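Inside the fold
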Amino acid sequence: MLVFMNVRCHERGTKQTAFSSKLLFELLFSDMAERIHPADSPPESLASDQFSGQFSSGEFPRKPTPPPGTFVIQVPKDQIYRVPPPENAHRLQYLSRKKPNRSRCRCCFCSFVAGILILTVVAGISASVLYLVYRPEMPRYSVEGISISGFNVTSPSPISPRFDVTFRSQNGNGKIGIYYEKGSSVDVYYNDLDLCNGKLPAFYQPAKNVTVFKTAVTGEKIQLMRSMRKEMIDWQGKKTVPFKLSIRVPVGIEVGSVKLGTVNVKVNCDLTVDNLTRKSRIVSTKCSHDVGLWR
C-alpha cells in the first residue's frame, strides 16, 4: 500500500499549500512508484524525456491523488515551531520579574545572618582570650559589724531605726581593678518589711586589695504591727534577731588601664544579731551575690 503524508501549515485559517520543492516530490514519487509497480513503470529514457519536457515547457507535474487507505496528517504551525501560548508567555514574564526580588531579599538575609555569626564568633574568641589571660574572680563580700539604734519595740509608736553597717570587700584578681560607682542602694528588711535604706560610698578598689568601709542606713516613721513587736521581743530573749540585708551597686571593671564596662552586682545577706542596741553583735551571717549586665 502506498502511503502519502502531506504536512499542512495554517495560520488562523485552513489554506492549503504545496511542498516547497516540486522536484524533490517528483523524484520521491517516481522512486516509490518504481518500487511498488516495477512492471508498469516506463523506461528510464522515456521518464527522463517526460520530466525534462515538463520543466522545459514551464509546467509542473500535478500533485498525485492519494489512493484509498492513505492517511493525511495536518500539523498546526504553532506546534511545529513550538510557540508557547499567550497565557504561558505572561506567566513566564511574571515569574522572571519576581525572581530577582526574591534573590535580593535572600542575599540580604544571608548577609545579615553571616554578619551576626561572625560577630558572635569574634566576641566569643575575645572573651575566651581575656579569661585565659586574666583569670577573673568574683569579689567576696561580708558584713563585719553592725550598730543598731532607734528601736523601741515596747511602744506602739512609729520607730525611726538606724543601722551602721561595716562591710568588707575583697578583690582577689591580680590584674583587674573595680570601680564602685554611684547609684547603689542598701536596704534592711525584717520579714518583708523594709525598715531602712541607704547607699554605699563610691570608691576604687585596685587589684589584690581588701577594703573595709562603713555605711549608715536609716528609716523614718516605720509602724510595726503588734505581732512584729512581740516577735522581736521574743527574738531578743533568744539573742537571735533575724534581718535581711540587700545591696545593689553598679561596678566598673578595669583591665590593665582600660575600663571595659559596667555591671550590676547584687549582694543578699541573711543577718542575725543578739539585740537591738548600739552594742549589738553579729551572731551569724550568710551572703550570696549575683552579677547582671543591666541595672
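Our subject in this report is the structure included herewith.

A tally of helices and strands in the protein yields five helices and 10 strands. Across the protein, the fraction of contacts at a sequence separation of at least 24, relative to all contacts at a separation of at least 6, is 68%. Surface accessibility of the protein: about 20800 Å² in total, with carbon and sulfur atoms responsible for 58%.

Within this structure, the stated rule accounts for one disulfide. One disulfide in the model links Cys269 with Cys287; its S-S distance is 2.0 Å. Where Cys269 bonds to Cys287 through sulfur, the torsion about that S-S bond is close to 110°, and the disulfide is right-handed. Taken together, the residues Cys269 in strand 9 (residues 258-273) and Cys287 in strand 10 (residues 282-292) connect sequence positions 18 residues apart. Since its relative accessible area comes to 3%, Cys269 is described here as buried.

Inspection of the secondary structure assignment puts Leu276 in the loop between strand 9 and strand 10. Sequence separation between Leu276 and Gly150 is 126 residues; the distance between their C-alpha atoms is 8.6 Å. With sequence-adjacent residues up to four places away left out, Leu276 is seen in contact with Ile148, Phe151, Val153, Met232, Gln236, Val241 and Phe243.

A few words on the pairing of strand 8 (residues 241-255). One face of the sheet, then the other: side chains in a regular strand alternate in exactly this way. Burial analysis of strand 8 places 11 of its 15 residues in the buried class, the great majority of the element. Sheet topology note: the strand 3 (residues 176-180)/strand 8 ladder contains five bridges and is antiparallel. By the bridge assignment, Tyr179 is partnered in strand 8 with Gly252. Of the strand pairs in this sheet, strand 4 (residues 185-190) and strand 8 are connected by five bridges, and their pairing is antiparallel. Each residue of the ladder has a partner; that of Asp187, found in strand 8, is Ser246. Bridge count between strand 8 and strand 9: 15 bridges; the pairing is antiparallel. Bridge pairing links Leu245 to Cys269 in strand 9. If you look at the hairpin formed by strand 8 and strand 9, you'll find two residues sitting between the two strands, and Gly256 has a positive phi there, around 70°.

Moving on to the environment of Lys244. Within the fold, Lys244 resides in strand 8. A relative accessible area of 46% places Lys244 in the partly exposed class. Distance from Lys244 to Lys286, taken between C-alpha atoms, is 9.8 Å for residues 42 residues apart in sequence. Apart from the residues within four sequence positions on either side, Lys244 is in contact with Asp187, Val188, Tyr189, Cys269 and Asp270.

Below, the discussion takes up the packing of aromatic side chains. For the structure shown, the criterion picks out nine aromatic pairs. Taken together, a centroid distance of 6.3 Å and an interplanar angle of 85° make the contact between Tyr141 and Tyr180 edge-to-face. Taken together, the positions of Tyr141 in strand 1 (residues 140-149) and Tyr180 in strand 3 put the pair 39 residues apart, joining distant regions of the chain. Among the residues examined, Tyr141 registers a relative accessible area of 18% and is labelled buried. Overall, Tyr180 belongs to the buried group, its relative accessible area being 5%. A ring pair is formed by Phe163 and Phe243, whose centres lie 5.3 Å apart and whose planes are at 75°; its orientation type is edge-to-face.

About the cut-offs
Residues numbered from 1 in each chain as written. Predicted model: local features only at pLDDT ≥ 70, side-chain atom pairs only at ≥ 80, totals over all residues. Heavy atoms only, no water. Helix = DSSP H or I, 4+ residues; strand = E, 2+ residues; numbered from the N terminus. Contact = heavy atoms within 4.5 Å. Areas by Shrake-Rupley, 256 points an atom, 1.4 Å probe, with all protein chains shown as cover. Disulfide = S-S within 2.5 Å. Buried < 20%, exposed > 50% of the residue type's maximum accessible area, 1.4 Å probe, protein only. Pairing = 2+ DSSP bridges. Phe/Tyr/Trp six-rings, centres within 6.5 Å; stacked < 30°, edge-to-face > 60°.

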